[in-house]
Amino acid sequence: MQDSDNDLDISHLARLAQLALDEDAANAARSQLSNIINMIDDMQKVDTEGVEPMAHPLDATARLRRDEVTERVDVEHFQDGAPDTADGYYLVPRVVE
């Protein structure tokens, strides 16, 4: 993106996003994008020396549960309607030689 409002090519961005914008919508989008770019520029100026990066803003850990089988699959039931099976697998025609 560019530095100023005038450098934002909203019509080009709208074409890329396949959006039809009238003049009022284009001006609103230009203003909003400019505000976002200015905010990012301001954030880039903040001194982060000595600040350790983090993966998530909350100091939380994932609650884990035991990986236990709770249901059994009746393979024969599901394979009854299949054209061809063997040893619990569905057999399909070869597509790569």
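Residues numbered from 1 in each chain as written. Predicted model: local features only at pLDDT ≥ 70, side-chain atom pairs only at ≥ 80, totals over all residues. Heavy atoms only, no water.

We now examine the overall build of the chain. When helices and strands are tallied, the chain shows three helices and two strands. Shown N-terminal to C-terminal, the secondary structure of the chain runs as helices and strands in the order α-α-α-β-β. Against the globule reference of 13 Å for 97 residues, the chain gives a C-alpha radius of gyration of 28 Å, more extended than a compact globule. Taken over the C-alpha atoms alone, the chain extends approximately 65 × 45 × 30 Å along its principal axes. Within the chain, the proportion of its 97 residues that are buried is 8%. If you sum the accessible surface of the chain, you get close to 9800 Å²; carbon and sulfur atoms cover 51% of it. Here the chain contributes 8 positive and 22 negative side-chain charges, whose respective centroids are spaced 5 Å apart. (Helix = DSSP H or I, 4+ residues; strand = E, 2+ residues; numbered from the N terminus. Rg over C-alpha atoms; globule rule 2.2 N^0.38 Å. Buried < 20%, exposed > 50% of the residue type's maximum accessible area, 1.4 Å probe, protein only. Areas by Shrake-Rupley, 256 points an atom, 1.4 Å probe, with all protein chains shown as cover. Lys, Arg positive; Asp, Glu negative; His and termini not counted. Charge placed at Lys NZ, Arg CZ, Asp CG, Glu CD.)

A few words on a nonpolar patch on the surface. Together, Ile36, Met39, Ile40 and Met43 line one region of the surface with nonpolar side chains, adding up to about 390 Å² of accessible area. With respect to the secondary-structure elements, Met39 resides in helix H2 (residues 23-44). (Patch = residues over 30% accessible without salt bridge, like charges linked within 9 Å, V, L, I, M, F, W, Y side chains within 5 Å. Salt bridge = Lys/Arg side-chain N within 4 Å of Asp/Glu carboxyl O.)

Our focus in this paragraph is H2. With 22 residues, H2 should cover 32 Å at 1.5 Å per step; its first-to-last C-alpha distance of 31 Å lies within 8% of that length. All of the buried residues along H2 are Ala26, Ser34 and Ile37. Along the axis of H2, the buried positions cluster into a sector of 70 degrees, meaning they face one direction only. Facing away from the buried side of H2 by more than 90 degrees, the exposed set consists of Asp24, Gln32, Asn35 and Met43. One side-chain oxygen at the N-terminal end of H2 lies 3.3 Å from the backbone nitrogen of Asp24; it belongs to Asp22. (Expected span 1.5 Å × (residues − 1). Arc of directions from axis to C-beta. Polar contact = N/O pair within 3.5 Å; in protein donor to acceptor, adjacent residues only side chain to side chain.)

With respect to the helices and strands, the residue Gln79 is situated in helix H3 (residues 75-79). Of the polar contacts made by the side chain of Gln79, one reaches the backbone oxygen of Gly88; its length is 2.8 Å.

So, about the pattern of salt bridges. Counting across every chain of the model gives two salt bridges. Two residues, Lys45 and Asp42, come together in a salt bridge whose shortest N-O distance is 3.9 Å. By relative accessible area, Lys45 is classed as exposed at 66%. Using a relative accessible area of 48% as the deciding quantity, one classes Asp42 as partly exposed. Glu68 is the partner of Arg66 in a salt bridge, and the nearest nitrogen-oxygen pair spans 3.1 Å. On the basis of relative accessibility, which here comes to 67%, the residue Arg66 falls in the exposed class. By relative accessible area, Glu68 is classed as partly exposed at 49%.

What follows covers the environment of Leu19. As for its position among the elements, Leu19 is in the loop between helix H1 (10-16) and H2. Considering only alpha carbons, one finds Leu19 and Asp7, twelve residues apart in sequence, at a separation of 19 Å.

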